[in-house]
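Tertiary structure, described
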Amino acid sequence: MNSKQLNIMNNLEQSYKKILEVLSKFFGKKLQNYQRRKPKMSDLEVISLALTAEYLSIDSECQLFRKIPESIKSKIERSVFNRRRRKLFPYIEQIRTKIAQHFNEFEDVFMVDSIPLKVCENSRAKHSHICKEFDYSSPDFGYCASQKLYYYGYKLHAICSLNGIFQSIDMSPASVHDIRYLNDVKEQLSNCTLIGDKGYLSAEVQIDLFNYANIQLDTPKRTNQKDYRPQFRLFKKKRKRIETLFSQLCDQFMIKRNYAKSFEGFKTMIFSKITSLTLIQYINKFILYKETLNLKASII
């Protein structure tokens, strides 16, 4: 083993220990009791390893198990790790939600946007069996206006605060319009301002959100509308924060690269990447006292 490989292994092990230490403060050392036999690797350690891999841009399990030290590899096999990680999906989302509360407890201005998630190329879509085990979760064709892109897969809907912390996330088939996601938002948020782009422009939805949960939906109007006026300049500037987060998910966390074959695996992969991003933001802010969005900085 050369010095470069040794440095990568040491960096992975130290990052894993740091993430495990932080998660232990939130949940202790135990999450659930579904195993009859006590495994060598606890549930929290499995989640910590998965989040560490996403933070270090390792999105292949084969690649991960080639890099992890023997002290971790001896505790769990790769196939077992994959199964247990998918089974722990509810706890991964619970971790993200709990961390987000530390940031967004007193926030009253949020941004909403969506990003396309391809499962395969359009030419393979008709013959692909990826994520088609259930009819309700099957991918389909959609169009992304901002990227002028027809694609086959899903759409990731997200709401983030002004300081760049994801408050709420959800997935839908690619053909679902962005406005339909706002029907779920009114059950999750209240007494706040929600900033969106022209894809969320709807007077009917605006009134419904305000009457139901006192949510003020602010979107730029089209220039040919009767009561056109430019969007508040500060809101227009702040809305770019969620676009920055999407760029970081695509760059460092490689959210658009898919190796999953089942919807459960695909969903776990997407939410793990976002949870890892949120966790690194927490470590930067409250432990290392660095810039929250400086995600490429070392946490060790």
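Refer to the preceding data block for the structure.
If you're wondering where the values come from, they're calculated on a predicted model, not measured in any experiment.

1. Points about the pattern of salt bridges
With the rule as written, the count across this model stands at 14 salt bridges. Across the salt bridge formed by Lys118 and Glu121, the nearest N and O atoms sit 3.3 Å from each other. Lys118 sits in the partly exposed class, given a relative accessible area of 29%. Its salt-bridge partner being Lys155, residue Asp178 comes within 3.3 Å of it at the nearest N-O pair. Of the two residues, Asp178 is situated in helix H7 (residues 178-185) and Lys155 in strand S3 (residues 149-161); the sequence distance between them amounts to 23 residues. Classification of Asp178 as buried rests on a relative accessible area of 12%. Within this structure, Glu61, Arg78 and Arg85 form a network of salt bridges that share partners.

2. Considerations on the nonpolar core
If you look at the biggest cluster of nonpolar residues, it comprises 70 residues, and the most contacted ones within it are Leu49, Leu64, Leu156, Phe166, Phe266 and Ile270. With 11 residues, the top contributor of residues to this core is helix H11 (residues 263-287). Not counting residues within four places of it along the chain, the set of residues in contact with Leu49 comprises Leu12, Tyr16, Met41, Leu64, Ile68, Ile72 and Phe81. One finds Val112, Ile159, Val185 and Val205 within the second-largest nonpolar core, a separate group that totals 16 residues.

3. Describing the layout of surface pockets
Leftover empty space is mapped by rolling, across the atoms, a probe with the size of a water molecule. Computed from the structure, the largest pocket encloses a volume of approximately 580 Å³. Taken together, 22 residues line the largest pocket, and the ones lying closest to its centre are Asp113, Ser114, Cys144, Ser146 and Asp197. Elements supplying a minimum of two residues to the lining of the largest pocket: strand S1 (109-120), strand S2 (140-144), S3 and helix H10 (240-251). Its residues assigned to classes, the lining of the largest pocket shows 8 nonpolar, 7 polar and 7 charged. Reported here for the second largest pocket is a volume of approximately 410 Å³.

4. Overview of the packing of aromatic side chains
According to the stated counting rule, one finds 11 aromatic pairs in the structure shown. On the basis of an interplanar angle of 45 degrees and a centroid distance of 4.5 Å, the ring pair of Tyr143 and Tyr150 is categorised as tilted. According to the relative accessible area criterion, Tyr143 is partly exposed, its value standing at 40%. Since its relative accessible area comes to 59%, Tyr150 is described here as exposed. Seen from their ring centres, Tyr154 and Phe263 are 5.5 Å apart, and the 45 degrees between their planes marks the pair as tilted. Of this pair, Tyr154 sits in strand S3 while Phe263 sits in helix H11; the two residues are 109 residues apart in sequence, bridging distant segments of the chain. When sorted by exposure, Tyr154 lands in the same class as Phe263, which is buried. Ring pairing ties together the aromatic residues Phe103, Tyr282 and Phe286, which thus form one cluster. A cation over a ring is seen here: Lys267 above Phe89, with NZ or CZ 4.5 Å from the ring centre.

5. Examining helix H2 (residues 43-55)
Helix length check: H2 (13 residues) gives 18 Å between terminal C-alpha atoms against 18 Å at 1.5 Å per residue, within 8%. With 13 of its 13 residues buried, H2 lies for the most part within the structure. Of the residues flanking the end of H2, it is Ser57, one or two places downstream, whose phi is positive at about 60 degrees.

6. Brief notes about unusual backbone geometry
One non-glycine residue, Ser57, lies in the positive phi region at around 60 degrees. Located in the positive-phi region is Asn214, a residue other than glycine, with phi close to 55 degrees. With respect to the helices and strands, Asn214 occurs in the loop between helix H8 (203-213) and strand S6 (215-218).

What counts as what
Residues numbered from 1 in each chain as written. Predicted model: local features only at pLDDT ≥ 70, side-chain atom pairs only at ≥ 80, totals over all residues. Heavy atoms only, no water. Salt bridge = Lys/Arg side-chain N within 4 Å of Asp/Glu carboxyl O. Buried < 20%, exposed > 50% of the residue type's maximum accessible area, 1.4 Å probe, protein only. Helix = DSSP H or I, 4+ residues; strand = E, 2+ residues; numbered from the N terminus. Core = buried A, V, L, I, M, F, W, Y, C linked by side-chain atoms within 4.5 Å. Contact = heavy atoms within 4.5 Å. 1 Å grid on protein atoms, 1.4 Å probe; cavity = no way out; pocket = protein on both sides within 12 Å on 5 of 7 lines; lining within 4 Å. Points joined across faces, edges and corners; volume = space filled by probe spheres on them. Nonpolar A, V, L, I, M, F, W, Y, C, P; charged D, E, K, R; others polar. Phe/Tyr/Trp six-rings, centres within 6.5 Å; stacked < 30°, edge-to-face > 60°. Lys NZ or Arg CZ within 6 Å of the ring centre and 35° of its normal. Expected span 1.5 Å × (residues − 1).

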